[in-house]
Each structure stands twice: as C-alpha cells, then as structure tokens.
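Listed below are the residues making up each chain.
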Amino acid sequence: MNGAPRIVTLLPSATEIVCALGFEAQLVGRSHECDFPASVVRLPALTEPKFNPEGTSAEIDQRVKKIVGDALSVYRVDAAKLRELRPDLIVTQSQCEVCAVSEREVEAAVAEWLGARPKIVSLAPYALDDIFSDMQRVADALDAQARGTELVGVLRARLSKIADKARVASERPRVATIEWLDPLMAGGNWMPSLVEMAGGVNLFGTAGEHSPWMKFDDLAAKNPDLILISPCGFDMDRAAQDLPALTNRAEWARLKAVRERRVFIADGNQYFNRPGPRIAESLEILAEITHPELFHYGHEGAGWRRL
C-alpha cells in the first residue's frame, strides 16, 4: 500500500489485532461493538444490529434465529458512511453470522464503488491456530509481515508457558464452559483447546467446530467439577441477570461444581468470545480459575468472579 493505509475494522477482535500491530493511528472506522483499546471509541461506528439487543437470553436468541432463518444478515452496514471514509483495507469476518458483520454484507456495501475498491480481509477463526493465522493475514495485508510474526510469537510463547506449567498440576478438573444461557450452548472453536492448556478436561464442544447447543440434562449427566459461564457478547453483570435460567432448576444445587463452589462467571465479551490478542488473557483467566494453586494473574474481579 502506498502511504499510510486507511483501515476500517468491522468486528472487535479485528480492531484489537490492528492496534496490537501498531496501526491504531490508521484506523478511520469501526463496528458499533469495537471498544478496546478504549481510545477507538472516538472513531465513527459503521454498523448496527437489526435486532433489539435488550431482553433475556431466550428473547435475544429468538430474534437472532428469526433473522438468520430469513437468510438475512444480523447486522447493517452504513454503506454511505463507509464510502465516505475511503478505506484502503476493510477487515471483517466469515466465521459467524451472529458475531459480527459478515463478508457477504461488506461485499454488498462496496459492490457499486467505482475506481479503486478497498481490499477486504475476512477473518475466519474456527480453532486456536486460526486466530494466529488471522493476525498474520492482517499484518501481511498491511505490508507488515515482520510485525505479525513478532506479535504471534509473543502470544504463542505466553500460551505455551501457561500450558507447560499446568502440566504439573496434581488434578485435572472436568470443565464445562457455557457460551449461552437460554437455550444452553457450550463453548466450541478455541475454547476446548484453552481448557486443556489451562490444565482441565473439556467436557462439551469440539476444538475447531462451532459451539454446540446442549441440554441441562447433558450438564447434569456429566456433572462437571468446574463450570465457567461466559456468554457471548455479555459482561459479567449482564450475564448474571440471566443466571436464573440455570440456578432456578432443582437439579442445579446438586451439581458437584455448585456444591464445591467451583462455578465461575467471566467477561465473555471482552475475553473468551473475542479471537484477538487478548486470547492470552483469556487463558490466564482460565488457568487462575482451574488451578489457583499454580496461577495468579490478578484478573479476579475485572475478568472473572466466583458465583
């Protein structure tokens, strides 16, 4: 790219990747959900949801499923504002129709442009390794291959250090990660890998595959040693509002994790559901929760709390 590139990022993890690579000054637009680093909120927001994001987990789930069922995108892109910003590079995603603006929506927004069309990089993080591949692809698109290699190297080293230390743990608790409360959904994609690296045994979800729906009976049958609740898009206070979907069940109190006070709530929006540089902090949180005798990073209170 000639000169300083003008960059638009349409999902929070993309914004974090661009900033971690040292290109925050070149960002000219973001999605309505991009909020880290905090300085990016000064930028114009180019997206909005087509559904009302207020209400219970069950209500939000029904609204989103209706839109997706009608073969529509869940988010709207402000095509006029996007064109006005004249980006050289747009970073979006193709992994999840519900998580952020899809590549299809971005292609539609720029379809009628004349002259030089922006380059579109579409992130597709299914497994843990894909998160690092995506970081390198963004760096390559910005002619900053070396920065990408360095960032990926630093993050991989942080993860490996935790995984190596967790291997000496005397026990490996059986862990259930919950990504949505009503209906219940387990953590998939990179979550099973993080659980194993933190010294746990993952009970639900398969590494590299979409997060699976589950029944409360499945949870009760496996009776995990530890439960982590980190709903997609929710901070801890927002997640706590919907906990009665679980805690009001008669069988809840009989679960081993509940009896032994090993149920934790984490900020899924800022950490676990954001496949960017803070995947390292996400593993730190999991490690602190899973093996407090081995790990202490100081995330309690801000990143997670005990139920």
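Anything mentioned here points back to the structure above.
Scope of this entry: the structure provided in the associated data block.

Thresholds, definitions, all that
- Residues numbered from 1 in each chain as written.
- Predicted model: local features only at pLDDT ≥ 70, side-chain atom pairs only at ≥ 80, totals over all residues.
- Heavy atoms only, no water.
- Buried < 20%, exposed > 50% of the residue type's maximum accessible area, 1.4 Å probe, protein only.
- Helix = DSSP H or I, 4+ residues; strand = E, 2+ residues; numbered from the N terminus.
- Pairing = 2+ DSSP bridges.
- Core = buried A, V, L, I, M, F, W, Y, C linked by side-chain atoms within 4.5 Å.
- Contact = heavy atoms within 4.5 Å.
- Axes fitted to C-alpha atoms, helices over the stretch in contact; angles between N-to-C directions.
- Phe/Tyr/Trp six-rings, centres within 6.5 Å; stacked < 30°, edge-to-face > 60°.
- Lys NZ or Arg CZ within 6 Å of the ring centre and 35° of its normal.
- Lys, Arg positive; Asp, Glu negative; His and termini not counted.
- Salt bridge = Lys/Arg side-chain N within 4 Å of Asp/Glu carboxyl O.
- Polar contact = N/O pair within 3.5 Å; in protein donor to acceptor, adjacent residues only side chain to side chain.
- Disulfide = S-S within 2.5 Å.
- Parallel < 35°, antiparallel > 145°, perpendicular 65-115°, else oblique.
- Nonpolar A, V, L, I, M, F, W, Y, C, P; charged D, E, K, R; others polar.

**Here's the deal with the pairing of strand β10 (residues 226-229)**
Burial along β10 is two-sided: L226 and L228 and I227 and I229, pointing in opposite directions, are all buried. Where strand β7 (residues 174-180) meets β10, 4 bridges bridge the pair, whose relative direction is parallel. Bridge assignment links A176 to a residue of β10, and that residue is I227. Where β10 and strand β11 (residues 263-266) come together, 3 bridges link them in parallel fashion.

**As for the pairing of β11**
Burial along β11 is two-sided: V263 and I265 facing one way and F264 and A266 facing the other are all buried. As paired strands, β11 and strand β12 (residues 304-306) are joined by 3 bridges and run antiparallel to one another. Following the sheet pairing, I265 is matched in β12 by R305.

**Side note on the nonpolar core**
Ranked by size, the top nonpolar core spans 53 residues in total, and within it L128, V138, L194 and F272 carry the most contacts. Contacts of V138, omitting those with residues within four sequence positions, involve I17, V18, L21, V91, V121 and L123.

**Section: the side chain of E281**
Structurally, E281 is set in helix α12 (residues 279-290). Excluding its chain neighbours within four sequence positions, the residues that come into contact with E281 are R158, Y271 and H299.

**Here's the deal with the sheet that holds strand β5 (residues 89-93)**
Read from one edge to the other, the open sheet built from 4 strands follows the order β2-β1-β5-β6, with strand pairing classed as parallel. Each edge of the sheet is formed by a strand with only one pairing partner; in this case those strands are β2 (27-29) and β6 (119-123). Neighbour to neighbour, the strand axes of the sheet diverge by 30° on average, direction disregarded. For strand β1 (residues 7-9) and β2, the ladder comprises 2 bridges, and the chain directions are parallel. Its bridge partner being in β2, I7 is matched across the sheet by L27. Sitting on the sheet, helix α5 (residues 128-141) touches β5 and β6, and the angle it makes with β6 is about 170°.

**Section: the packing of aromatic side chains**
Counting across every chain of the model gives 3 aromatic pairs. Pairing W180 with F234 gives two aromatic rings, centres 5.0 Å apart and planes at 50°, and the pair type is tilted. With W180 in strand β7 and F234 in the loop between β10 and α9 (236-241), this residue pair connects regions lying 54 residues apart in the sequence. Pair check on accessibility: W180 and F234 agree, each one buried. Over the face of the ring belonging to F204 we find K222, whose NZ or CZ atom lies 5.2 Å from the ring centre. The positively charged end of R278 is found above the aromatic ring belonging to Y271, 5.2 Å away from the centroid.

**Digging into the side chain of E288**
Along the chain, the position of E288 falls in helix α12. Despite its burial, E288 pairs with no opposite charge, the nearest such side chain being R306 at 10 Å. Looking at E288, its side chain comes within polar contact range of the main-chain nitrogen of H299, at 3.4 Å. Residues in contact with E288, not counting those within four places in the same chain, are F295, H296, Y297, G298, H299, E300 and W304.

**Re the environment of G153**
Tracing the chain through its elements places G153 in helix α6 (residues 145-166). For G153, a relative accessible area of 37% puts it in the partly exposed group. Along the primary structure G153 and A116 are separated by 37 residues, whereas in three dimensions their C-alpha atoms are 34 Å apart.

**Remarks on the state of the cysteines**
The full count for this structure, using the stated rule, is 0 disulfides. Left without a disulfide partner, C34 is nearest to the cysteine sulfur of C19, which lies 9.0 Å away.

**Thoughts on the packing of α6 against α12**
Each pair of packed helices can be described by the angle between their axes along with the distance between the axes. Taken N-terminus to C-terminus, the directions of α6 and α12 make an angle of 10°; their axes are 9 Å apart at the nearest point. With respect to their mutual orientation, α6 and α12 come out roughly parallel. On the side of α6, the interface is formed by L155, R158, L159 and I162, while α12 contributes I279, A280, E281, L283, E284 and A287. Tallied by class, the residues present in the contact of α6 with α12 amount to 7 nonpolar, no polar and 3 charged.

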